[in-house]
Amino acid sequence: CFIYLSEKSSKFNNFFYWTSCMLFVIFNSIRYDVGNDYLSYKYFFLTLESNEFISIEPFFYLLIVLFKNIQYSYLYIFTITTFLTYFTLFLVLKKYKRRFIIVTIIFSLEFLFFSNNQIGQALSVSLILILNYFYNKKNRKSYILTVLFTMLFHFSAIIFLPFYFFRIRKYT
């Protein structure tokens, strides 16, 4: 609704657009025991507090260390990752806002469930979408740095590193 209003109202287009983003953030942040990763990240928080070894991506480890002394600290991971996921996604989708219906259908039906079930992967996907911009601008340094940064959230992002070097050439 707000995305549609942002297209129709030139005066308040940013307000409506980012309000819709914040509604997704709030909706996905105030959840309890929703999604496949919920109990895993809760376990990671509780395990690290007991000084046991866990294998986890650097960003999530940093969040655990930062918030381990706060009651219900594992809830912060959902708020922070949800904000980063949707902010990045909305930032990328803002360039394609004229395709409102396609974006709405794909986003609301698929990504909403995906982001609730696979937190780290959803955050990585939203960051990987930025790679398309750097790829099209032929900005190798930014592309590589974005892949490396995305690996802080999910190690599987490394598979995008070689894609830059295998550009499709047009022959006439």
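The shown structure was predicted, so the numbers you read here are calculated from the model rather than taken from an experiment.

Moving on, we get to the overall build of the protein chain. Within the protein chain, the secondary structure is distributed over eight helices and zero strands. When the helices and strands of the protein chain are placed in sequence order, the string is α-α-α-α-α-α-α-α. The buried share of the protein chain, taken over its 172 residues, is 38%. Put simply, 61% of the contacts in the protein chain that link residues at least 6 apart link residues at least 24 apart.

On to the packing of helix α2 (residues 13-29) against helix α5 (residues 74-93), then. Put simply, α2 and α5 touch, their axes get as near as 9 Å, and they point 150° apart. Here α2 is positioned roughly antiparallel relative to α5, judged by the angle of their axes. For the pair α2 and α5, the crossing hand works out as right-handed. Here Tyr 17, Trp 18, Ser 20, Cys 21, Met 22, Phe 24, Val 25, Asn 28 and Ser 29 of α2 lie close against α5, whose contacting residues are Phe 78, Thr 79, Thr 82, Phe 83, Tyr 86, Phe 87, Phe 90, Leu 91 and Leu 93. Counted by class, the contact of α2 with α5 contains 13 nonpolar, five polar and no charged residues.

Among the nonpolar cores identified, the biggest contains 17 residues, and Tyr 41, Ile 56, Phe 59, Phe 60, Leu 63, Ile 77 and Phe 78 are the most heavily contacted of them. Secondary-structure elements contributing two or more residues to this core are α3 (36-49), α4 (58-67), α5 and α7 (119-136). Here the element with the most residues in this core is α4; it accounts for five residues. Aside from chain neighbours lying at most four places away, what touches Leu 63 is Phe 45, Ile 77, Ile 80 and Thr 81. By size, the runner-up hydrophobic cluster in this structure holds 10 residues, among which are Tyr 86, Leu 89, Phe 90 and Ala 122.

A separate point is the side chain of Thr 81. Mapped onto the fold, Thr 81 is located in helix α5. Judged by relative accessible area, which is 1%, Thr 81 ranks as buried. In this structure Thr 81 touches Phe 59, Phe 60, Leu 63, Ile 119 and Leu 123, once residues within four positions along its chain are discounted.

On to the side chain of Asn 28. Along the chain, Asn 28 falls in helix α2. Overall, the relative accessible area of 1% leaves Asn 28 in the buried class. Side chain to side chain, Asn 28 and Tyr 86 meet in a polar contact 3.1 Å long. If we ignore the near neighbours within four places in the chain, the residues touching Asn 28 are Thr 82, Tyr 86, Leu 112 and Asn 116.

Taken together, the side chains of Met 22, Ile 26, Ile 30, Phe 83, Phe 87 and Leu 91 present a nonpolar region at the surface, about 550 Å² in accessible area. If you tally residues by element for the nonpolar patch, the top one is α5, at three residues. Turning to its location among the elements, Phe 83 is positioned in helix α5.

We now examine the packing of aromatic side chains. Going through the model one piece at a time under the given rule, you end up with nine aromatic pairs. With a centroid separation of 5.8 Å and 50° between ring planes, the pair formed by Phe 24 and Phe 90 is classed as tilted. Taken together, the residues Phe 24 in helix α2 and Phe 90 in helix α5 connect sequence positions 66 residues apart. By way of ring pairs, the aromatic residues Phe 59, Phe 60, Phe 149 and Phe 153 are connected into one cluster.

Let us now look at α4. Among all positions of α4, only Phe 59, Phe 60, Leu 63, Ile 64 and Phe 67 are buried. Axial view of α4: buried residues confined to an arc of 140°, hence all on one face.

Reading guide: rules and limits
Residues numbered from 1 in each chain as written. Predicted model: local features only at pLDDT ≥ 70, side-chain atom pairs only at ≥ 80, totals over all residues. Heavy atoms only, no water. Helix = DSSP H or I, 4+ residues; strand = E, 2+ residues; numbered from the N terminus. Buried < 20%, exposed > 50% of the residue type's maximum accessible area, 1.4 Å probe, protein only. Contact = heavy atoms within 4.5 Å. Axes fitted to C-alpha atoms, helices over the stretch in contact; angles between N-to-C directions. Parallel < 35°, antiparallel > 145°, perpendicular 65-115°, else oblique. Left-handed = near helix turned anticlockwise from the far one by under 90°. Nonpolar A, V, L, I, M, F, W, Y, C, P; charged D, E, K, R; others polar. Core = buried A, V, L, I, M, F, W, Y, C linked by side-chain atoms within 4.5 Å. Polar contact = N/O pair within 3.5 Å; in protein donor to acceptor, adjacent residues only side chain to side chain. Patch = residues over 30% accessible without salt bridge, like charges linked within 9 Å, V, L, I, M, F, W, Y side chains within 5 Å. Areas by Shrake-Rupley, 256 points an atom, 1.4 Å probe, with all protein chains shown as cover. Salt bridge = Lys/Arg side-chain N within 4 Å of Asp/Glu carboxyl O. Phe/Tyr/Trp six-rings, centres within 6.5 Å; stacked < 30°, edge-to-face > 60°. Arc of directions from axis to C-beta.

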